[in-house]
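Architecture at a glance
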Amino acid sequence: MRSQFEEGITLDRFIYETTQAHPESTGRFSTLLRQISLASRLVSARVNRAGLAGMLGTTGEVNVQGEFVQKLDEYANNTFKRALEHAGCVAAILSEEDEGPYFTPERFHSGRYIFAMDPLDGSSNIDVNASIGTIFAVFRRRSPEGSRADMGDILQSGNDIVAAGYVIYGSGTVMVLSTGAGVHGFTLDPSVGEFFLSHPDIRLSSDTRMYSVNEGYTATWTPEVQKWVADRKTLEAGWKQRYIGSLVADFHRNLIKGGVFLYPRSSANPKGKLRLMYEAFPLAFLVEAAGGRATNGHDRILDQTPGGLHDRTPLFIGNPDPVDEITALIRSAAQ
Ligand code: AHG
Ligand code: MN
Ligand code: MN
């Protein structure tokens, strides 16, 4: 039997062939994707050895979100920054873990792209060996390349995203990527350190009745969200529920098997909990490219423009029918 290495399409080959199709491409975008791949392979290796490498637990610090920083949060944050800052492709890196933008240091070329990331999503699951991941979105800067980026480059609308993806560190490491035309999944073969195309052109399956939400918060939701979830639980409705508590893992399952993920506003989190730039934007870009939808309960996520780096948002994301239905319920309750 031929090995995957002999006949598979590597991520590098995929990047090369995709960017060749764009004659205006300068090569900076390919570099960016290659450096993302390098950083995610480094993080994947560290995640797999976390218990042995003394990487479990917190650093003792609290981040800008008011959450304890896990050692792996910090490792992933630094690894992505180190992999990207010198490569000449980014002007700024925006991270869930950092209060302000990280501008490319002056000794390096300040490139064309703005990189926004949740370096490690699902960090409360690290110590229990459940799946975690890195989520990212890429914007093109508006100001000229070579100079320091400004706030107009940083706070762009979701409609300005040029690429997005995530890497899930689970039973295997998988990178899911889109530049707008299709969503593709690549599985890391750790024996050769390469990502191979394993899920070409992912489309959301339409007939799945699966919802993901933290039902422990039911009493804190608005009545229309309570009703929608309660209606899923009747015998006739026949829905299933799955919730891991790592957005990246819940989203990945729904992308492959179909379903809808909800993180509504609540009395505890009136603006929602998830972050617009680092969580909602990238996954909304991916879900739409796979035939799905993402709203904040009223409007399309990608039509939003952040007012601040760490804005939060309610999120309803997945198959079009359930997202449309919940959004319609919430909209009519607001009238
Ligand atoms: P992070 O680990 O990056 O702070 O994100 C945690 C998020 C997300 O992964 C998940 O969907 C959500 O928090 C879970 O929140 P609850 O525990 O409130 O359900
Ligand atoms: Mn997160
Ligand atoms: Mn995180």
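For clarity, every value in this text was computed on a predicted model and none was experimentally measured.

Within the element layout of this structure, Asn 77 appears in helix α4 (residues 71-85). With near-sequence residues (within four places) excluded, Asn 77 lies in contact with Ser 95, Glu 97, Asp 98, Met 117 and Pro 119.

Turning our eyes to something else, we now look at the domain arrangement of the chain. Segmenting the chain into domains produces domain 1 (4-199) and domain 2 (210-334). The C-alpha-based centres of domain 1 and domain 2 are spaced at 24 Å. At the junction of the two partners, domain 1 supplies 46 residues and domain 2 supplies 33 residues. In this assembly, domain 1 and domain 2 are joined by 2 salt bridges. Here Glu 96 makes a salt bridge to Arg 275, at a shortest N to O gap of 3.5 Å. Between domain 1 and domain 2 we count 17 residue pairs in polar contact (both at pLDDT 80 or more) in total.

Turning our eyes to something else, we now look at the coordination of the manganese ion (ligand 2). Four donors placed tetrahedrally about a metal ideally form angles of 109.5 degrees, and six donors placed octahedrally ideally form angles of 90 or 180 degrees. Donor atoms from the polypeptide that bind the manganese ion (ligand 2) are Asp 118 (OD), Asp 121 (OD) and Glu 279 (OE), placed at 1.9 to 2.1 Å. Written as a sequence motif, the donor residues of the manganese ion (ligand 2) are D-x2-D-x157-E. Between the manganese ion (ligand 2) and the manganese ion (ligand 3) the interatomic distance comes to 3.7 Å, and Asp 118 is a ligand of both metals. In this pair, Asp 118 sits in strand β5 (residues 113-121) while Glu 279 sits in helix α8 (residues 276-289), placing the two residues 161 residues apart along the sequence. Across the pair, Glu 279 and Asp 118 agree in class, each one buried.

The subject of this paragraph is the environment of Ile 154. Summarising the element assignment, Ile 154 is placed in helix α5 (residues 151-154). In this structure, the C-alpha to C-alpha distance between Ile 154 and Leu 94, residues 60 residues apart in sequence, is 8.0 Å. Excluding residues that lie within four positions of it along the chain, Ile 154 makes contacts with Ala 92, Leu 94, Pro 101, Phe 103, Ile 114, Met 277 and Leu 309.

Attention now moves to the site of ligand 1. Taken together, 19 residues lie near ligand 1, and Asp 121, Asn 214, Tyr 217, Tyr 243 and Tyr 263 sit nearest. Note that an oxygen atom of ligand 1 is positioned 2.9 Å from one of the backbone N or O atoms of Gly 122. Contact between ligand 1 and Tyr 243: an oxygen atom at 2.5 Å from a side-chain N or O atom of the residue. Expressed as a share of its isolated accessible area of 470 Å², the protein-covered part of ligand 1 is 88%. Secondary-structure elements contributing two or more residues to the shell around ligand 1 are β5, β13 (260-263) and β14 (274-275). It is β5 that provides the largest number of residues to the shell around ligand 1, a total of 3 residues. In terms of residue class, the shell around ligand 1 is built from 7 nonpolar, 5 polar and 7 charged.

Further remarks concern the coordination of the manganese ion (ligand 3). Glu 96 (OE), Asp 118 (OD) and Leu 120 (O) make up the full set of protein donors to the manganese ion (ligand 3), lying at 2.2 to 2.4 Å. Considered as a linear motif, the donors of the manganese ion (ligand 3) on their single chain read E-x21-D-x1-L.

Within the sequence span of helix α2 (residues 11-20), burial applies to Leu 11, Phe 14, Ile 15 and Thr 19. Projected down its long axis, α2 carries its buried residues within an arc of 115°, all on one side.

Core analysis: the biggest nonpolar cluster contains 47 residues, and Leu 94, Tyr 166 and Leu 255 have the highest contact counts within it. In terms of residue count, the dominant contributor to this core is α8 (11 residues). Residue assignment places this core across two domains, with domain 1 (4-199) and domain 2 (210-334) each supplying three or more.

This next bit is on the packing of aromatic side chains. A complete count under the given rule lists 11 aromatic pairs for this structure. For the ring pair Trp 228 and Trp 239, a centre distance of 5.6 Å and an interplane angle of 80° mean the geometry is edge-to-face. Of this pair, Trp 228 sits in helix α6 (residues 223-232) while Trp 239 sits in the loop between α6 and β12 (240-241), placing them 11 residues apart in sequence. Grouped by ring-pair contacts, the aromatic residues Phe 80, Phe 115 and Phe 136 constitute a single cluster. A cation over a ring is seen here: Arg 148 above Phe 103, with NZ or CZ 3.9 Å from the ring centre.

Counting buried residues in strand β3 (residues 90-95) gives 6 out of 6 residues, a clear majority hidden from the surface. Here β3 pairs with β5 via 5 bridges, running parallel. Bridging across to β5, Ile 93 finds its partner in Phe 115.

It is worth spelling out the sheet that holds β5 at this point. Sheet strands pair by backbone hydrogen bonding; their relative direction is either parallel or antiparallel. What the 8 strands build is an open sheet, ordered β4-β3-β5-β6-β7-β8-β9-β10; its pairing is mixed. Strands with a single pairing partner mark the edges of an open sheet, and in this sheet they are β4 (102-103) and β10 (194-199). The sheet contacts of α2 involve β8 (173-178), β9 (184-189) and β10, and relative to β9 the element is tilted by about 145°. Lying over the sheet, α4 contacts β3, β4, β5, β6 (132-140) and β7 (161-169), oriented at roughly 160° with respect to β5.

The rules behind these values
Residues numbered from 1 in each chain as written. Chains lettered and ligands numbered in written order. Predicted model: local features only at pLDDT ≥ 70, side-chain atom pairs only at ≥ 80, totals over all residues. Heavy atoms only, no water. Helix = DSSP H or I, 4+ residues; strand = E, 2+ residues; numbered from the N terminus. Contact = heavy atoms within 4.5 Å. Domains from an automatic or database assignment. Salt bridge = Lys/Arg side-chain N within 4 Å of Asp/Glu carboxyl O. Polar contact = N/O pair within 3.5 Å; in protein donor to acceptor, adjacent residues only side chain to side chain. Donors = N, O, S within 2.8 Å, 3.2 Å for Na, K, Ca; no water. Buried < 20%, exposed > 50% of the residue type's maximum accessible area, 1.4 Å probe, protein only. Near = heavy atom within 4 Å. Areas by Shrake-Rupley, 256 points an atom, 1.4 Å probe, with all protein chains shown as cover. Nonpolar A, V, L, I, M, F, W, Y, C, P; charged D, E, K, R; others polar. Arc of directions from axis to C-beta. Core = buried A, V, L, I, M, F, W, Y, C linked by side-chain atoms within 4.5 Å. Phe/Tyr/Trp six-rings, centres within 6.5 Å; stacked < 30°, edge-to-face > 60°. Lys NZ or Arg CZ within 6 Å of the ring centre and 35° of its normal. Pairing = 2+ DSSP bridges. Axes fitted to C-alpha atoms, helices over the stretch in contact; angles between N-to-C directions.

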